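As a plain string of letters, each chain reads:
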Amino acid sequence: MDESVLDFYDDLAEDYHLIFVDWYHAISWQGEVLSKFIHSKLASGSKEGASLLDCSCGIGTQAIGLANHGFLVTGTDISPQSIERAAIEAVSFGVEINFGVADFRSLEKDVSGVFDVVLSADNAIPHLLTDEDLHLAVSSMYSKVKNEGILIITIRDYDALVKEKPRATEPRIFENGKRIVFQVWDWSDDAKIYQINHFLLQEIHGQWITKHNRTRYRAIVREEFDQFLIKAGFTDIEWSMPSESGYYQPIVTARKKCNLS
């Protein structure tokens, strides 16, 4: 993970809600969809008041939504600015969440306890560009999952994207044309890494203000990511596409089995 990731999310924290048509509705919707999905995967004895670590929580989009659905949530993120805002937003929503700054490659030493669910949503894992960092992160997450607990990760559909290599996202136009959000993607020759240039344009008092942030991602396909999960010790790996889960990105789930030896 390069330094641009921390800068990207620190710089974006104040305006992150503006990438949604309605961030408050997104919290409610994602909380409902993910809660239903998680309960369908949890062992029956873990469903009431399940503990959950959102280890890339950002400003709290999923963490707040899931706390509203009865999960006992801890939220961590590499970005101090995002965590600071998430804590303020959780208070405004009336939910109790334990927040802290932590890199998901070092959760084993940075976060105490183990959880029924460890979650990383919104394509955070692909910020890890090397095999070494991916293995560190997945192994670190494994250490935080209870026996018979589950890991849940949502990422873009890179199986399709590496074939298409899109150069930009469709502009999303909000507030009657006064707010526009889009990304321009620059792919490496081998299509394994791409840089995004994220643009937020707003008309404020008759003048257009442009905010630009950039970061890089690894386009990791499903079969490749499965191998990192298996190497870390996870079993029962399943991919659920949006048509099945109702969520907007593919979701991979994996279980930590009891070691009876």
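About the cut-offs
Residues numbered from 1 in each chain as written. Predicted model: local features only at pLDDT ≥ 70, side-chain atom pairs only at ≥ 80, totals over all residues. Heavy atoms only, no water. Helix = DSSP H or I, 4+ residues; strand = E, 2+ residues; numbered from the N terminus. Rg over C-alpha atoms; globule rule 2.2 N^0.38 Å. Buried < 20%, exposed > 50% of the residue type's maximum accessible area, 1.4 Å probe, protein only. Contact = heavy atoms within 4.5 Å. Areas by Shrake-Rupley, 256 points an atom, 1.4 Å probe, with all protein chains shown as cover. Axes fitted to C-alpha atoms, helices over the stretch in contact; angles between N-to-C directions. Nonpolar A, V, L, I, M, F, W, Y, C, P; charged D, E, K, R; others polar. Phe/Tyr/Trp six-rings, centres within 6.5 Å; stacked < 30°, edge-to-face > 60°. Lys NZ or Arg CZ within 6 Å of the ring centre and 35° of its normal. Pairing = 2+ DSSP bridges. Expected span 1.5 Å × (residues − 1). Polar contact = N/O pair within 3.5 Å; in protein donor to acceptor, adjacent residues only side chain to side chain.

### Quick word on the overall build of the protein
Link 1 in the chain: Helix and strand counts for the protein come out as nine helices and eleven strands.
Link 2 in the chain: Relative to a compact globule of 261 residues, whose C-alpha radius of gyration would be 18 Å, the protein shows 18 Å and is just as compact.
Link 3 in the chain: If one aligns the C-alpha atoms of the protein with their principal axes, the spans along those axes are about 65 × 45 × 35 Å.
Link 4 in the chain: Per-residue burial for the protein yields a buried fraction of 52% across its 261 residues.
Link 5 in the chain: The long-range share in the protein, meaning contacts at least 24 apart out of those at least 6 apart in sequence, stands at 64%.
Link 6 in the chain: For the protein, the exposed surface amounts to about 12,200 Å²; the carbon and sulfur share of it is 50%.

### Digging into the packing of helix α1 (residues 4-12) against helix α4 (residues 80-93)
Link 1 in the chain: With their axes 7 Å apart at the nearest point, α1 and α4 run at an angle of 35 degrees to one another. Every residue of α4 that contacts α1 at L6, Y9 and D10 is listed here: P80, Q81 and S82.
Link 2 in the chain: Its residues placed into classes, the contact of α1 with α4 shows three nonpolar, two polar and one charged.

### Overview of the packing of aromatic side chains
Link 1 in the chain: A complete count under the given rule lists 15 aromatic pairs for this structure.
Link 2 in the chain: For the ring pair F225 and W239, a centre distance of 6.5 Å and an interplane angle of 70 degrees mean the geometry is edge-to-face. You can see F225 sitting in helix α8 (residues 222-232) and its partner W239 sitting in strand β10 (residues 235-240), a full 14 residues away along the chain.
Link 3 in the chain: According to the relative accessible area criterion, F225 is buried, its value standing at 0%.
Link 4 in the chain: Classification of W239 as buried rests on a relative accessible area of 18%.
Link 5 in the chain: One aromatic cluster in this structure is built from Y158, W185, W187, Y194 and Y217.
Link 6 in the chain: R156 extends its terminal NZ or CZ atom over the ring of Y217, reaching a point 5.1 Å from the ring centre.

### So, the sheet that holds strand β4 (residues 115-120)
Link 1 in the chain: Spatially, seven strands are ordered β3-β2-β1-β4-β5-β11-β10 in an open sheet, and the strand pairing comes out mixed. Only two strands of the sheet have a single neighbouring strand rather than two, namely β3 (98-101) and β10. Between one strand axis and the next, the sheet turns by 15 degrees as a mean value, whatever way the strands run.
Link 2 in the chain: Sheet contacts for α4: β2 (72-77) and β3; angle to β3, the most-contacted strand, approximately 170 degrees.
Link 3 in the chain: Here helix α6 (residues 131-144) sits on the sheet and contacts β1 (51-54), β4 and β5 (145-154); the angle it forms with β5, its principal contact strand, is near 140 degrees.

### Some words on helix α2 (residues 23-41)
Link 1 in the chain: When the terminal C-alpha atoms of α2 are compared, their 26 Å separation across 19 residues agrees well with the 27 Å that a helix rising 1.5 Å per residue should span.
Link 2 in the chain: A distance of 3.1 Å separates the backbone nitrogen of Y24 from a side-chain oxygen at the start of α2, and that oxygen is part of D22.

### As for the sheet that holds strand β9 (residues 207-218)
Whether parallel or antiparallel, the strands of a sheet pair through hydrogen bonds between backbone atoms.
Link 1 in the chain: Taken in spatial order, the four strands make up an open sheet running β6-β7-β8-β9, and their pairing is antiparallel. The sheet terminates laterally at β6 (172-174) and β9, the two strands that pair on one side only. On average, adjacent strands in this sheet sit at an angle of 15 degrees to one another, irrespective of strand direction.
Link 2 in the chain: Along the sheet face, α1 touches β8 (193-204) and β9 and points at about 150 degrees away from the line of β9.

### A few points about α6
Link 1 in the chain: Over its 14 residues, α6 extends 20 Å from the first C-alpha to the last, a length consistent with the 20 Å expected when each residue adds 1.5 Å.
Link 2 in the chain: When α6 is considered as a whole, its buried residues turn out to be D133, L134, A137, V138, S140, M141, S143 and K144.

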